[in-house]
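# Residue-level structure breakdown
Listed here are the chains, written in short residue letters.
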Amino acid sequence: KKGTPLPPDAPSVLVVEDERIVAGDIESRLTYLGYRVVSIAPSGAEAIQEAERVRPHLVLMDIHLEGDMDGTQAATVIRERFGIPVVYLTAHADASTLQRAKMTDPFGYLLKPFNDHELRTAIELALYKHQTERRLKESEALFRGVAETVTAAILLFRDRKVLYANRFAEPLSGYTAEELRSMDVLDLVHPD
């Protein structure tokens, strides 16, 4: 597939890798697999700058990077500031590295060396998970908007615990929304 132009809607990827030869190999593999590499950054600080500048669909992030900021720190900033999913690429499988990575809620963790099939699978699952999370957040925002503007009391509960109460539920029940969330729903029902 060398020389074949990528479609304009090909997912864009920012590669964060401090070893130039490894970064070049990853770029070649991604291009071969049909992804658009929009930038390569060798450090966490540069990764954040590039993520802001190019706004890729996904970041492939090495955990151990040159400079003061490692990949987990950069990934946290990128996810919080820009909402871009991160998949870690690392040669380190030790418990400490894995624990640090888990704390950042990554969209994937790929151990080097990896093959093209593993790389494609990690990217596709991460993109799918990110799209699903975005849709869920949009749906939740829509529900919240409706629930807060409708002039009726709305209570949502699961396993007899109140999960949500809008502002109209407060005067009807005589409790604040916060108090309602700590109650068993049967406490709201008259004993008769």
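Just so it is clear, the model here is predicted, and its values are computed rather than measured.

Rules of the game
Residues numbered from 1 in each chain as written. Predicted model: local features only at pLDDT ≥ 70, side-chain atom pairs only at ≥ 80, totals over all residues. Heavy atoms only, no water. Helix = DSSP H or I, 4+ residues; strand = E, 2+ residues; numbered from the N terminus. Rg over C-alpha atoms; globule rule 2.2 N^0.38 Å. Contact = heavy atoms within 4.5 Å. Areas by Shrake-Rupley, 256 points an atom, 1.4 Å probe, with all protein chains shown as cover. Lys, Arg positive; Asp, Glu negative; His and termini not counted. Charge placed at Lys NZ, Arg CZ, Asp CG, Glu CD. Pairing = 2+ DSSP bridges. Axes fitted to C-alpha atoms, helices over the stretch in contact; angles between N-to-C directions. Phe/Tyr/Trp six-rings, centres within 6.5 Å; stacked < 30°, edge-to-face > 60°. Buried < 20%, exposed > 50% of the residue type's maximum accessible area, 1.4 Å probe, protein only. Salt bridge = Lys/Arg side-chain N within 4 Å of Asp/Glu carboxyl O.

### A word on the overall build of the protein chain
Per the secondary structure count, the protein chain includes 7 helices and 7 strands. Ordered by position from N to C terminus, the α and β elements of the protein chain give β-α-β-α-β-α-β-α-β-α-β-β-α-α. Over its C-alpha trace the protein chain gives a radius of gyration of 23 Å, far above what one expects of a compact globule, namely 16 Å for 192 residues. Taking all contacts inside the protein chain whose residues are at least 6 apart in sequence as the whole, residues at least 24 apart take part in 54%. A total accessible area of about 11700 Å² is found for the protein chain, and carbon and sulfur atoms account for 55% of it. Mean positive and mean negative side-chain charge positions of the protein chain (23 and 30 charges, respectively) differ by 4 Å.

### Things to note about the sheet that holds strand β1 (residues 12–16)
Judged by pairing direction, the sheet is parallel, and its 5 strands sit side by side in the order β2-β1-β3-β4-β5 without closing on themselves. Of all the strands in the sheet, the pair left with one neighbour each is β2 (36–41) and β5 (108–111). Direction aside, neighbouring strands of the sheet carry axes that sit 20 degrees apart on average. Taken together, the 5 bridges between β1 and β2 define a ladder with parallel strand orientation. Of the residues in β2, the one forming a bridge with Val13 is Val37. Helix α1 (residues 20–33) contacts β1, β2, β3 (58–62) and β4 (86–90) of the sheet and is inclined by roughly 170 degrees relative to β2.

### Points about the packing of aromatic side chains
Between two aromatic rings, the relevant description is the distance of the centres plus the angle of the planes. Enumeration over the complete set of coordinates arrives at 2 aromatic pairs. Between Tyr88 and Tyr109 the ring centres are 6.4 Å apart and the planes differ by 75 degrees, which places this aromatic pair in the edge-to-face class. Residue Tyr88 is found in strand β4, and its partner Tyr109 is found in strand β5; the two are separated by 21 residues along the sequence. The class for Tyr88 is buried, based on a relative accessible area of 0%. What makes Tyr109 partly exposed here is its relative accessible area of 26%.

### Notes on the pattern of salt bridges
Tallied over the entire structure, the rule returns 9 salt bridges. Among the ionic pairs, Arg29 bridges to Asp116, the shortest N-O distance being 2.9 Å. Placement of the pair is Arg29 in helix α1 and Asp116 in helix α5 (residues 116–149), with a sequence separation of 87 residues. When its relative accessible area of 18% is taken as the criterion, Arg29 is described as buried. Where Arg53 meets Glu50, a salt bridge forms, and the shortest distance between an N and an O atom there is 2.7 Å. Taken as a pair, Arg53 and Glu50 lie in helix α2 (residues 44–54) at a separation of 3 residues, close to a single helical turn. Assessed through its relative accessible area of 57%, Arg53 is described here as exposed.

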